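Letter by letter, the chains look like this.
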Amino acid sequence: MAVTYYDLAIIGSGSGNSLITPFWDNRKVAIIDGGTFGGTCLNVGCIPTKMYAYPAQLASAAKEAAGLGVELTLGKVHWRDMRDRIFGRIDAISDGGRRYREEELDNVTLYPERVRFTGPKALVTDSGQAIEAGQIVIAAGSRAVLPDIPGIDLPQVHTSDTVMRLPDLPDRVLIVGGGFVAAEFAAVFSSFGSQVIQINRSAPLLKSADALVSERFTAAAASRWDVRLGWTLASVREDGTGVKAVIQGAEGGQETIETDIVLVATGRVPNSDTLDLQTAGYDLEADGRIAVDKCQRVLRQGEPADGVFALGDVSNPYQLKHVANHEARVVMHNLEHPEDFRSSDHRFVPSAVFTQPQIARVGLTEAEARQEAELKGYDVVTTVQEYGTTAYGWAMEDSTGFVKLVADRRSGQLLGAHIMGHEASLLIQPLIQALSFGLDVASMARGQYWIHPALAEVVENALLSLGIDDRPDRA
Ligand SMILES: Cc1cc2nc3c(=O)[nH]c(=O)nc-3n(C[C@H](O)[C@H](O)[C@H](O)COP(=O)(O)OP(=O)(O)OC[C@H]3O[C@@H](n4cnc5c(N)ncnc54)[C@H](O)[C@@H]3O)c2cc1C
Ligand SMILES: NC(=O)c1ccc[n+]([C@@H]2O[C@H](COP(=O)([O-])OP(=O)(O)OC[C@H]3O[C@@H](n4cnc5c(N)ncnc54)[C@H](O)[C@@H]3O)[C@@H](O)[C@H]2O)c1
């Protein structure tokens, strides 16, 4: 079999696509992707979901405004127009990116097919094209898992990959799962007027969040759509244009739900199993992720393999685009500077769920901090500051938003921050900055102005209410 040799082969055109810098202009690069060019975030993930989440926020403003003396009526939601606007933009970007790689860069070859390893630095595509490369980057991402139950292949059963392309807004939606994807789509569909039932195996929703966030979000969600905890999906069968979904309770009971569509959002698994990694001898973590060292080098029998890197959802447990981007920047440097490797920094990985109300997090939950307290010598202190205690919170008549901080009284450092409420994803950013740069609580609270009466005052007040005051020059 004829083998084509490349200096660099990249598996996955999501975060992997950003690795082709001018450094490679006079070198041969292969980029291989068996799916839609641009990967998850662009085509079926972060970007289109937020392009639905924002109009959903606008649609739900009508209810919010009523409490403030403004009568707004939600007219019609033009789902099809929205869908066409969103994907008109996204598909063009994906297509443009693919064309640029395929047609405009002489040194880059795009293989639009799946690939697997045949040796440590050897690959073969589904059509049998053999590739060898000096360096290889595995950026193959993750995919939605589907439970193995009767009816799971019916066209009315969706994952996040397909649900955003529905021809019409469904009247009734059954959402299975209690994580990020479920929380975001439940908010979108319920804001647009669909009847949403969300079932989750465990209680509460968003169970990896700080316990107070999970508890309060579960209550907030239940006030907006129908939340049923302790249920799983048992089977689905067609019923006219919709389906009858049988759900199974933790106690053994069953119920049948009539719905137009089912959205399965029960987690994602790394695509490592598509790559025949055992042939190349590379190590996997227990959950199927590719094992890497701090420099993102793939491990082989516990040792970093020379010139083989992995990044993003295929190797990290976070499954977040900003983490994949960070790791891609590290890999980009390490590919070009083998004599001067950099490491990834996973100390303070933040996340936000663009549901209603919004949720954001960085650092430790209270439970994690208490668990680590003895080992690390933390004197754990926490505070909860309601949005409603600040001037802007009054303006909003907010009754659900809050900031929870977790800190170490001994060192005066923040350990974690958890926000639920309006623009939580923005309010969290100064706290991410404080953690990342080691800014102590007292300096952060009093070493700068906080604009009055902005919503950010809720962060200032939360910092002050921790009762940590060790700045000798505090005014
Ligand atoms: C609905 C949804 C919403 C999300 N929202 C957010 C958000 O708001 N913020 C956030 O930070 N993250 C979000 N994420 C997560 C984010 O999308 C991912 O963490 C990120 O896209 C992962 O990037 P990646 O480069 O690792 O993989 P991907 O972008 O998935 O790229 C992997 C590529 O590899 C290809 N591939 C896989 N196996 C093979 C093979 N054997 N051969 C050839 N090609 C292969 C795939 O076709 C794919 O194109 C969301 C995810 C989903 C599903
Ligand atoms: N805003 C964001 O950053 C964002 C948005 C969407 C997705 N993502 C990423 O995508 C990843 C995947 O999201 P996800 O929501 O699919 O997974 P997840 O792991 O966050 O949540 C899966 C949920 O499904 C439940 N579940 C599992 N099996 C079940 C079953 N058989 N029946 C009922 N419930 C069941 C689990 O209890 C859990 O609540 C996330 O980890 C996240 O990192 C990020």
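Residues numbered from 1 in each chain as written. Chains lettered and ligands numbered in written order. Predicted model: local features only at pLDDT ≥ 70, side-chain atom pairs only at ≥ 80, totals over all residues. Heavy atoms only, no water.

As for the layout of surface pockets
And then number 1: Quantified by volume, the second largest pocket comes out at close to 1100 Å³.
And then number 2: Lining the second largest pocket are 40 residues, and of these Gln 57, Ser 60, Glu 64, Arg 224 and Gln 356 lie nearest its centre.
And then number 3: Only helix H2 (46-66), helix H5 (180-191), helix H6 (211-224) and helix H10 (391-396) provide two or more residues apiece to the lining of the second largest pocket.
And then number 4: Considering every element that reaches the lining of the second largest pocket, the biggest residue donor is H2, with 13 residues. (1 Å grid on protein atoms, 1.4 Å probe; cavity = no way out; pocket = protein on both sides within 12 Å on 5 of 7 lines; lining within 4 Å. Points joined across faces, edges and corners; volume = space filled by probe spheres on them. Helix = DSSP H or I, 4+ residues; strand = E, 2+ residues; numbered from the N terminus.)

Here we look at the nonpolar core
And then number 1: Counting 42 residues, the largest nonpolar core has Tyr 52, Val 163, Ile 175, Phe 189, Phe 192, Phe 217 and Trp 225 as the members making the most contacts within it.
And then number 2: When residues of this core are traced back to their parent elements, those giving at least two are H2, helix H3 (79-104), strand E9 (172-176), H5, H6 and strand E15 (261-264).
And then number 3: The leading source of residues in this core is H5, at seven residues.
And then number 4: Beyond its immediate sequence surroundings of up to four residues, Val 163 is in contact with Trp 79, His 158, Phe 185, Phe 189, Ile 261 and Leu 263.
And then number 5: Core analysis: the second largest hydrophobic core is formed by 30 residues, Met 396, Ile 419, Ile 428 and Ile 468 among them. (Core = buried A, V, L, I, M, F, W, Y, C linked by side-chain atoms within 4.5 Å. Buried < 20%, exposed > 50% of the residue type's maximum accessible area, 1.4 Å probe, protein only. Contact = heavy atoms within 4.5 Å.)

Re the site of ligand 2
And then number 1: Near ligand 2 lie 23 residues; those nearest to it are Val 181, Glu 184, Gly 267, Gln 319 and Ala 352.
And then number 2: Between a nitrogen atom of ligand 2 and a main-chain N or O atom of Arg 201, the distance comes to 3.3 Å.
And then number 3: Ala 352 is positioned with one of its backbone polar atoms (N or O) 2.7 Å from a nitrogen atom of ligand 2.
And then number 4: Here ligand 2, which alone exposes 840 Å², has 81% of that area covered by the protein.
And then number 5: Of all the secondary structure elements, the ones that give two or more residues to the shell around ligand 2 are H5 and strand E12 (231-239).
And then number 6: In terms of residue count, H5 provides more of the shell around ligand 2 than any other element does, three residues in total.
And then number 7: For the shell around ligand 2, a count of residues per class yields nine nonpolar, nine polar and five charged.
And then number 8: Two domains each donate at least three residues to the shell around ligand 2, and these are domain 1 (3-143 + 269-336) and domain 2 (157-266). (Near = heavy atom within 4 Å. Polar contact = N/O pair within 3.5 Å; in protein donor to acceptor, adjacent residues only side chain to side chain. Areas by Shrake-Rupley, 256 points an atom, 1.4 Å probe, with all protein chains shown as cover. Nonpolar A, V, L, I, M, F, W, Y, C, P; charged D, E, K, R; others polar. Domains from an automatic or database assignment.)

Regarding the site of ligand 1
And then number 1: Among the 34 residues in the neighbourhood of ligand 1, the closest are listed as Ser 15, Asp 33, Thr 40, Lys 50 and Asp 313.
And then number 2: Here a nitrogen atom of ligand 1 and a backbone polar atom of Val 115 are 3.0 Å apart.
And then number 3: For ligand 1, an oxygen atom lies 2.8 Å from a polar atom in the backbone of Lys 321.
And then number 4: Bound to the protein, ligand 1 loses 91% of the 1000 Å² it would expose on its own.
And then number 5: Those elements that provide at least two residues to the shell around ligand 1 are helix H1 (39-44), H2 and helix H8 (321-336).
And then number 6: Ranked by residue count, the leading element in the shell around ligand 1 is H1, at four residues.

Brief notes about the domain arrangement of the protein chain
And then number 1: Taken domain by domain, the protein chain holds domain 1 (3-143 + 269-336), domain 2 (157-266) and domain 3 (357-465).
And then number 2: A straight line from the C-alpha centre of domain 2 to that of domain 3 covers 31 Å.
And then number 3: Taken residue by residue, the interface counts ten residues in domain 2 and twelve residues in domain 3.
And then number 4: Summed over both sides, the interface of domain 2 with domain 3 buries roughly 910 Å², with 66% coming from carbon and sulfur.
And then number 5: For domain 2, the biggest contributors to the area lost against domain 3 are Asp 210, Val 213 and Arg 216; these three give 56% of the whole.
And then number 6: At the junction of domain 2 and domain 3, the tally comes to two salt bridges. (Buried area = accessible area lost by both parts, 1.4 Å probe. Salt bridge = Lys/Arg side-chain N within 4 Å of Asp/Glu carboxyl O.)

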